[in-house]
Amino acid sequence: MNTKIMEGLVGARTNMNLTNTPMCVYREARRKGNTAAMERAMGYVSEFCGKAEEYKAEAGKGMEEDAKKAREDAKLQCEEAVQKRGEEREKLEERIDEDRNAANTDTKEPVIYTKTGETVPLEGTLPSEKGAGISVSV
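Now for a look at the structure at hand. Quick caveat: nothing in here was measured; it's all calculated off a predicted structure.

## Thoughts on the packing of helix α1 (residues 3–18) against helix α2 (residues 20–32)
Reasoning step 1: It is the contact of α1 with α2, at a shortest axis distance of 4 Å, that shows an interaxial angle of 20°. One way to sum up the angle between α1 and α2 is to call them roughly parallel. Taking contact as the criterion, the partners of Met16, Asn17 and Leu18 in α1 are, on α2, Asn20, Thr21 and Pro22.
Reasoning step 2: Of the residues belonging to the contact of α1 with α2, the class tally is three nonpolar, three polar and no charged.

Have a look at this one:
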């Protein structure tokens, strides 16, 4: 909330509260039939209402400025998020390329995984040729 909004709201509320006194004077003058006092009191009431409208307009301008700033901030955040995602995508693509290059340079030796998760190379022979037994548990 910027100062224009605060000033506008406070000013409008204050001027609307200030209309209470001349309205009381107006009612009293109406009971007595004093038209001159009635006109004078209504002049004050209209003056305070006019000032309240001016403050209301100022608060509206402040709200528009706040909304504009919020839109600009949101736009900047979106742009930053898009840029960050683009950088992440580039890093991911680089990692994928590195993985592909590493996979192409490997000799692609067949391996066996042990119960502990370690790899044992076959060294170009089949397990049946080594005399190793194969067991499959289902």
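So that's the structure; there's more coming.
## Re α2
Reasoning step 1: End to end, α2 covers 19 Å across 13 residues, agreeing with the expected 18 Å (1.5 Å per residue, within 8%).
Reasoning step 2: Listed as buried for α2 are Pro22, Tyr26 and Ala29. End-on, the buried residues of α2 take up no more than an arc of 70°, which puts them together on one face. Turned more than 90 degrees away from the buried face of α2, the exposed residues are Thr21 and Arg31.
Reasoning step 3: Residue Gly33 follows α2 closely and has a positive phi angle near 85°.

## What about the nonpolar core?
Reasoning step 1: Formed by Tyr26, Ala29, Ala37, Met38 and Ala41, the largest nonpolar core amounts to five residues.
Reasoning step 2: Listed by contribution, the elements that provide at least two residues to this core are α2 and α3 (35–105).
Reasoning step 3: The dominant element in this core, judged by the number of residues it contributes, is α3, at three residues.
Reasoning step 4: If we ignore the near neighbours within four places in the chain, the residues touching Tyr26 are Met38, Ala41 and Met42.

Thresholds applied
Residues numbered from 1 in each chain as written. Predicted model: local features only at pLDDT ≥ 70, side-chain atom pairs only at ≥ 80, totals over all residues. Heavy atoms only, no water. Axes fitted to C-alpha atoms, helices over the stretch in contact; angles between N-to-C directions. Helix = DSSP H or I, 4+ residues; strand = E, 2+ residues; numbered from the N terminus. Parallel < 35°, antiparallel > 145°, perpendicular 65-115°, else oblique. Contact = heavy atoms within 4.5 Å. Nonpolar A, V, L, I, M, F, W, Y, C, P; charged D, E, K, R; others polar. Expected span 1.5 Å × (residues − 1). Buried < 20%, exposed > 50% of the residue type's maximum accessible area, 1.4 Å probe, protein only. Arc of directions from axis to C-beta. Core = buried A, V, L, I, M, F, W, Y, C linked by side-chain atoms within 4.5 Å.

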